[in-house]
Amino acid sequence: MGVIRLIARLPYPALLWLGRRLGALVQWLPSPRRHIVQVNIGLCFPELGAAEQAALIDANLRDVGLMLVEFALGWMGSDRQIARIPLQVEGLEHLAAARAQGKGVLLVGGHFSHLELCARLVSQRIRIAGMYRRMDSDVFEWNVLRARLDYADAMFEKEDLRGTVKYLRNGGTLWYAPDQDMRSKDSVFVPFFGVPAATITATHHLARMSGALVIPFFHRRLPGSEGYVLRLGAPLRDFPGADVHHDTARINGCIEQMVREAPAQYLWAHKRFKTRPPGQPPVY
């Protein structure tokens, strides 16, 4: 935690320089994560040639270095440092319209490398809460939760369904990323880049129980030190519907569209397709 705090004190351009140096190291160090990234990109981008896939794999591994320093900045950076980061925010009118209706909002996004920092950045404009999975380390859990609560309305553990629904019913805005294989009984197989992916159905259920609107939330790092673009889309129409499979597939489709805009910045090192449909062999 001491090292993380020191990294977070660096000026933004210096922090990015360090992240790129770390990323170059990650790219060349032997790691089982390279195999996971390679499998995921091969499954999701079969239209790319071998050289294009290899270039995307290398770019994604280099992005891990930026992810490490961005996590440090998102958790431990001062308000002054965060305010100095170049930022473009699009689509706030959709959130304002939802609030005018007295509706809660689910901001649904994906696990991009800069998700923690972008949650901190968007909190400069709007009050948000988040859902999270408790960390294995008690030291990290205490420090990170404390840091998140400095800028967030609340943080709900993924099991706290009652608290989450109450917050949304009261008009709150919740950031949520349902794009990881949680190996949960509340999952269905729906396509992600055309590949059957075990996907949690919580977006459908949270929207149904709370009456919240579901708004896609995308964030992208710009080249150099140009900062970030955060984009809130229009609320999904007729969501939730009667079919949980259809709704969950719609969410995967939204996240897939986000990933295609910045594929190198997505967390391909996660075993997204670890859980396989019955009778299908493992891919990792």
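The text that follows walks through the structure, step by step, so that each part is easy to find. It should be emphasised that the depicted structure is a prediction, and the values quoted were computed from it without experimental measurement.

Focus: the overall build of the protein
Move 1: Scanning the protein from N- to C-terminus turns up 11 helices and 9 strands.
Move 2: For the protein, the C-alpha radius of gyration of 19 Å lies close to 19 Å, the compact-globule estimate for 284 residues.
Move 3: Principal-axis analysis of the C-alpha atoms gives the protein an extent of 50 × 50 × 35 Å.
Move 4: Taking the intrachain contacts of the protein between residues at least 6 apart in sequence as the baseline, contacts between residues at least 24 apart amount to 76%.
Move 5: Surface summary for the protein: the accessible area is close to 13,600 Å², and the carbon and sulfur share equals 56%.
Move 6: The averaged location of the 26 negative side-chain charges in the protein is 3 Å from the averaged location of its 35 positive side-chain charges.

Here's the deal with the packing of aromatic side chains
Working definition: an aromatic ring pair is given by the centre-to-centre distance plus the angle between the planes.
Move 1: Tallied over the entire structure, the rule returns 12 aromatic pairs.
Move 2: Look at phenylalanine 193 and tryptophan 268: their rings are 5.9 Å apart centre to centre, the planes differ by 65°, and that puts the pair in the edge-to-face class. A residue pair is termed long-range when its members are at least 10 positions apart, and phenylalanine 193 in the loop between strand 6 (187-192) and strand 7 (195-200) and tryptophan 268 in the segment after helix 11 (244-261) qualify at 75 residues. By the burial criterion, phenylalanine 193 is buried, and tryptophan 268 matches it.
Move 3: Relative to tryptophan 268, the ring of tyrosine 266 lies with its centre 4.9 Å away and its plane at 75°, an arrangement referred to as edge-to-face.
Move 4: Exposure remark for tryptophan 268: the relative accessible area of 2% places this residue in the buried category.
Move 5: Pairwise contacts between aromatic rings join Phe45, Phe112, Phe192, Phe193, Phe218, Tyr266, Trp268 and Phe273 into one cluster.
Move 6: Lying across the ring of phenylalanine 192, arginine 272 places its NZ or CZ 5.6 Å from the centre.

Conventions and cut-offs
Residues numbered from 1 in each chain as written. Predicted model: local features only at pLDDT ≥ 70, side-chain atom pairs only at ≥ 80, totals over all residues. Heavy atoms only, no water. Helix = DSSP H or I, 4+ residues; strand = E, 2+ residues; numbered from the N terminus. Rg over C-alpha atoms; globule rule 2.2 N^0.38 Å. Contact = heavy atoms within 4.5 Å. Areas by Shrake-Rupley, 256 points an atom, 1.4 Å probe, with all protein chains shown as cover. Lys, Arg positive; Asp, Glu negative; His and termini not counted. Charge placed at Lys NZ, Arg CZ, Asp CG, Glu CD. Phe/Tyr/Trp six-rings, centres within 6.5 Å; stacked < 30°, edge-to-face > 60°. Buried < 20%, exposed > 50% of the residue type's maximum accessible area, 1.4 Å probe, protein only. Lys NZ or Arg CZ within 6 Å of the ring centre and 35° of its normal.

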